[in-house]
Amino acid sequence: MDKPPILVARAIFPEIIDQLQQHFEVEHNQADELWSKQQLAAKLAGKAGAFTTGGERIDAETMANAPGLKIVANMAVGYNNFDLPAMTQRRVLGTNTPDVLTETTADFGFALLMATARRLTESEHFLRAGRWTRWSYDMFSGRDVHGATLGILGMGRIGQGIARRGAHGFGMKVIYHNRSRLAPQLEAECKARYVGKEELLKTADHLVLVLPYSAESHHVIGAAELALMKPTATLVNVARGGIVDDVALAAALREGRIAGAGLDVFEGEPQVHPDLLKVPNVVLSPHIASATVPTRMAMAQLAADNLIGFLVHGKPLTPLNPEVLN
Ligand code: 8YV
């Protein structure tokens, strides 16, 4: 029997390509070219499945030339690159990679929190510039993490991971806001107290954003929200760019209306708003919260297993729109 043709839209682990080749005719973007929407649409033509990595827009336009497309497996837990209703309408299954990256991403969220609170980037720049000539009592004094109030906006699996680290490792008081409250048992495990969004913004010493991006969460943190935060507070975003209004954030940082920010994600990334590059009190990283070797491998494996599970055995592992299976 002919192997179904699939597209792997970005360069990924050779071991994963080997596995996929056992089941599929694989077109692999090994050169890791960045395709336009039109190029992606052309590549999808004639394919039964696609492996994407979170940055490829899958919507009616990109699927227009691909009537045989049955599944798109995203190597990411976030799937805001998918127009899921359009996929469902065309009976294209979408899958993501939950769970396998939770703890790694929570580790990184905490690392950004610590680095921001203790002004690690700023102080390293100072040292590298040869400006460290003597001790002084207030040199790079930051904010304590232990015992402080940790606010979490978006209390899914990663948010809970960050809450557990804060509560159990650093004796932090954890408050959170989410669309829905956690079950009492989970709240107890995270030692987290549910509060309204305004209380969260006003009370948190360190606020971490871990909510999915959607039209609803676009600029959830803008000038008005930043104005509610304490001038001593820090903000960390390991969710998605677009959740924060980067221009408003840069202004708040510049004017000392909040103390600092740790950002792994940006509106319009990989471009970073120039205003953010000009303020010293930020820790910036290029969307690497899930980037450890075992976790990236586990994510790629789960995306591949979704393709094999569905196209070969009829059973995807982590479907986002299971209604297309009926
Ligand atoms: C990915 C992520 O690295 O899983 C997600 O949603 O943001 C990251 O883990 C990114 O989407 C690129 O694959």
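Cut-offs used in this document
Residues numbered from 1 in each chain as written. Predicted model: local features only at pLDDT ≥ 70, side-chain atom pairs only at ≥ 80, totals over all residues. UniProt positions renumbered as here; feature names shortened; annotations may be inferred. Pairing = 2+ DSSP bridges. Helix = DSSP H or I, 4+ residues; strand = E, 2+ residues; numbered from the N terminus. Axes fitted to C-alpha atoms, helices over the stretch in contact; angles between N-to-C directions. Contact = placed C-beta atoms within 7 Å. Domains from an automatic or database assignment. Nonpolar A, V, L, I, M, F, W, Y, C, P; charged D, E, K, R; others polar.

- Going by the annotation in an unreviewed UniProt entry, the name recorded for the chain is 2-hydroxyacid dehydrogenase, with Ramlibacter tataouinensis given as the source organism.
- The record held by UniProt for the chain lists under Sequence similarities (unreviewed entry) the comment "Belongs to the D-isomer specific 2-hydroxyacid dehydrogenase family."

## Thoughts on the sheet that holds strand E8 (residues 192-194)
Here is step 1: In spatial order, the strands read E8-E7-E6-E9-E10-E11-E12; together these seven strands make up an open sheet with parallel pairing. Single-partner strands in this sheet number two, and they are E8 and strand E12 (282-284). On average, each strand axis in the sheet is tilted by 20° relative to the strand beside it, whichever way the strands run.
Here is step 2: Taken together, the four bridges between strand E6 (residues 149-153) and strand E9 (residues 206-209) define a ladder with parallel strand orientation. From the neighbouring strand, Leu150 faces E9, where its bridge partner is His206.

## A word on the sheet that holds strand E3 (residues 49-52)
Here is step 1: Strand order in the open sheet formed by five strands is E2-E1-E3-E4-E5, and the pairing between neighbours is parallel. Lying at the two open borders of the sheet, with one neighbouring strand each, are strand E2 (25-28) and strand E5 (93-95). Ignoring which end each strand starts from, the neighbouring axes of this sheet average 15° apart.
Here is step 2: Contacting strand E1 (5-8) and E2, helix H1 (residues 14-23) crosses the sheet at an angle of about 145° to E2.
Here is step 3: Packing of helix H13 (residues 293-311) onto the sheet brings it into contact with E1, E3, strand E4 (71-74) and E5, and relative to E4 it is tilted by some 160°.

## Looking at the domain arrangement of the chain
Here is step 1: The assigned domain composition of the chain is domain 1 (5-100 + 293-325) and domain 2 (102-284).
Here is step 2: Looking at side-chain class alone, the side of domain 1 that touches domain 2 contains one nonpolar, three polar and one charged residues.

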